[in-house]
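The chain contents come next:
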Amino acid sequence: SSGINAEWPLRPGNNVKNSEWGKTFNPGNFINGDSGAGNNWAKGHYTEGAEISDEVIDVIRKESERCECLQGFQFVHSLGGGTGSGLGTLLLARMMEEYPDRINSAFSVFPSNLVSDVVVEPYNAMFSIHSLLNDAGQCFILDNRALYDICRVQFKIASPTYKDLNRAVCKTMTGVTTCLRFPGQLNADLRKLATNMIPFPRLKFFIPGYSPLSQDNRYDKTNIVAELFMKKNMLAACDPRRGKYLTCACVLRGANLSMREIDSQLTNIKMREGAFFAEWIPNNIKTAVCNVPPTDSEESGTFMGNNTAVQDIFNRIIEQYRKMYSKRAFTHWYFSEGVDEME
């Protein structure tokens, strides 16, 4: 896989280049604009974003031509600011046009009013969610509120930094792509994941999870599947028991994993938690097993759940949006960048 960084300010890209992992990236894949999105979705999507989108697409096309078997694309972006929301959704739409037969997976950081530093986050998030519904093949919800809770409870960090928050995100992302990078007993690629996880076109927002998130915390190695279904290990701030699982996927890593034990654990979960699974999808848990363990533990598991409880996250954003839009607050900044009031 190849990483491409599109950002307006030079500092984020330079921080990556100067980090311990900087040499793993192609310097030509860092794309910067002259101005910035200014925390405005419309500026990143319509005006400033349109100026650099062609350059980003050209770099993506060059990297794609070097691939022997192109599976799809992964987008990592935030919905609260202007660049991640505006430029991110613009690139998603462009990629749907350029590569309609490839899977676009979006890892989207959803804003939270508890850890917000941008006033207009509800506007940016609402525009972005609309674009994700149309252009993303599948979307993994990374909730700022849940990430901060994980850092405080699991990592025992009172004032987490972005590096601390990214630890949980990185673990989950590497788990999702495990079967693309290593051999295993049961493999699952991006397309198989989408086919088995999305029962209806618009129900494609997943709750991701990972266990063990921290080696400092004890976890039940004999029942690692049950650990994955615990709310404390999920990266979205919603309670799965408030909804129902339509589908789930578990990617398990370990050198000595037994399929019989895994199947037994899944059966126990379905029997014990049957009320929280949609009864009209009989076999709604997909499993993938990789024999290569992670570097920091003997075994690990990655969870992806398509649960109706994600509506709590959407309702939270909609409520904040309605309060601001009822007074037409800050709307002039969006109208001046080309947004129509009907949008």
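Residues numbered from 1 in each chain as written. Predicted model: local features only at pLDDT ≥ 70, side-chain atom pairs only at ≥ 80, totals over all residues. Heavy atoms only, no water.

**Points about unusual backbone geometry**
So the rule is basically this: To qualify as a helix, a DSSP run of H or I must reach at least 4 residues; to qualify as a strand, a run of E must reach at least 2; elements of each kind are numbered from the N terminus. When a residue's accessible area, from a 1.4 Å probe over protein chains only, is under 20% of the maximum for its type it is buried; when over 50% it is exposed; and in between it is partly exposed.
With an omega dihedral of 0°, the bond running from Ser211 to Pro212 counts as a cis peptide bond. By the secondary structure assignment, Pro212 is in the loop between strand S6 (205-211) and helix H9 (224-228). The backbone phi angle of Lys156 is positive, close to 60°, even though this residue is not glycine. Mapping Lys156 onto the fold places it in the loop between helix H5 (144-153) and helix H6 (162-176). The exposure class of Lys156 is exposed, given its relative accessible area of 59%. Residues other than glycine seldom take positive phi values, yet Arg328 does so here, at roughly 55°. Examined against the element boundaries, Arg328 turns out to sit in the loop between helix H11 (311-325) and helix H12 (331-335).

**Quick look at the pairing of strand S3 (residues 72-78)**
Taken residue by residue, a regular strand's side chains alternate between the two faces of the sheet. Stated formally: Paired strands are those between which DSSP finds at least two bridges. The handedness rule is simple: strands pointing away from the viewer, and a clockwise path from the first strand over the helix to the second, make the crossover right-handed.
The pairing of S3 with strand S4 (residues 103-110) spans seven bridges and is parallel. In the sheet register, Phe73 faces S4, and the bridge partner there is Asn104. Traced from S3 through helix H3 (residues 83-98) to S4, the parallel crossover comes out right-handed.

**Overview of the pairing of S6**
With seven of seven residues buried, S6 lies mostly within the body of the structure. Covered by surrounding structure in S6 are Phe205, Ile207, Gly209 and Ser211 together with Phe206, Pro208 and Tyr210, the residues of both alternating faces. The sheet contact formed by strand S5 (residues 138-143) and S6 spans two bridges and is parallel. Paired with Phe140 across the strands is Phe206, a residue of S6. Here S6 runs beside strand S9 (residues 299-307); their pairing, made up of five bridges, is antiparallel. Across the sheet, Ser211 pairs through a bridge with Gly301, a residue of S9.

**Notes on the layout of surface pockets**
Rules: Here a cavity is any set of points on a 1 Å grid over the protein atoms alone where a 1.4 Å probe fits but cannot get out, and a pocket is any open set with protein on both sides within 12 Å along at least 5 of 7 lines; a residue lines the site when it has an atom within 4 Å of a point. Grid points are joined across faces, edges and corners, and a volume is the space filled by probe spheres set on the points. In this classification, Asp, Glu, Lys and Arg are treated as charged, Ala, Val, Leu, Ile, Met, Phe, Trp, Tyr, Cys and Pro as nonpolar, and every other residue, Gly included, as polar.
In this structure, the second largest pocket occupies an estimated 660 Å³ of space. In this structure, the second largest pocket is lined by 32 residues; those nearest its centre are Met126, Phe127, Ile129, His130 and Leu133. Listing elements by their share of the lining of the second largest pocket, those giving two or more residues are helix H2 (41-65), helix H4 (121-135), S9, H11 and H12. Of the residues forming the lining of the second largest pocket, the biggest block, seven residues, is contributed by H4. Each residue belonging to the lining of the second largest pocket can be placed in one class, and the counts come to 19 nonpolar, eight polar and five charged.

**Overview of H5**
Operational definition: Two residues form a contact once any of their heavy atoms are found within 4.5 Å.
If you check which residues of H5 are buried, you get Asn144, Ala146, Leu147, Tyr148, Ile150 and Cys151. The elements touched by buried residues of H5 are S4, S5 and H6.

**Quick look at the packing of H5 against H6**
Formally: Axes here mean lines fitted to C-alpha atoms, for a helix over just the part in contact, with angles spanning 0 to 180 degrees between N-to-C directions. The scheme is simple: roughly parallel for angles under 35 degrees, roughly antiparallel for over 145, roughly perpendicular for 65 to 115, oblique for anything else.
Running from amino to carboxyl end, H5 crosses H6 at an angle of 105°, the nearest separation of the two axes being 9 Å. Considering their axes alone, H5 and H6 lie roughly perpendicular with respect to each other. Along the contact surface, H5 presents Leu147, Tyr148, Ile150 and Cys151, while H6 presents Asp164, Leu165, Ala168 and Val169. Residue composition of the contact of H5 with H6, by class: seven nonpolar, no polar and one charged.

**Things to note about a nonpolar patch on the surface**
Cut-off, in case you're wondering: Two distance rules govern patches: like charges are joined within 9 Å, and nonpolar side chains (Val, Leu, Ile, Met, Phe, Trp, Tyr) within 5 Å, applied only to residues with over 30% relative accessible area and no salt bridge. In these tables, accessible area is a Shrake-Rupley quantity obtained with a 1.4 Å probe, and a residue counts as shielded only by the protein chains included in the view. The rule for a salt bridge is simple: a side-chain nitrogen of Lys or Arg has to be within 4 Å of a carboxyl oxygen of Asp or Glu.
On the surface, a cluster of nonpolar side chains totalling about 320 Å² of accessible area is made up of Val119, Phe330 and Trp333. With respect to the helices and strands, Val119 occurs in the loop between S4 and H4. Judged by relative accessible area, which is 58%, Val119 ranks as exposed.

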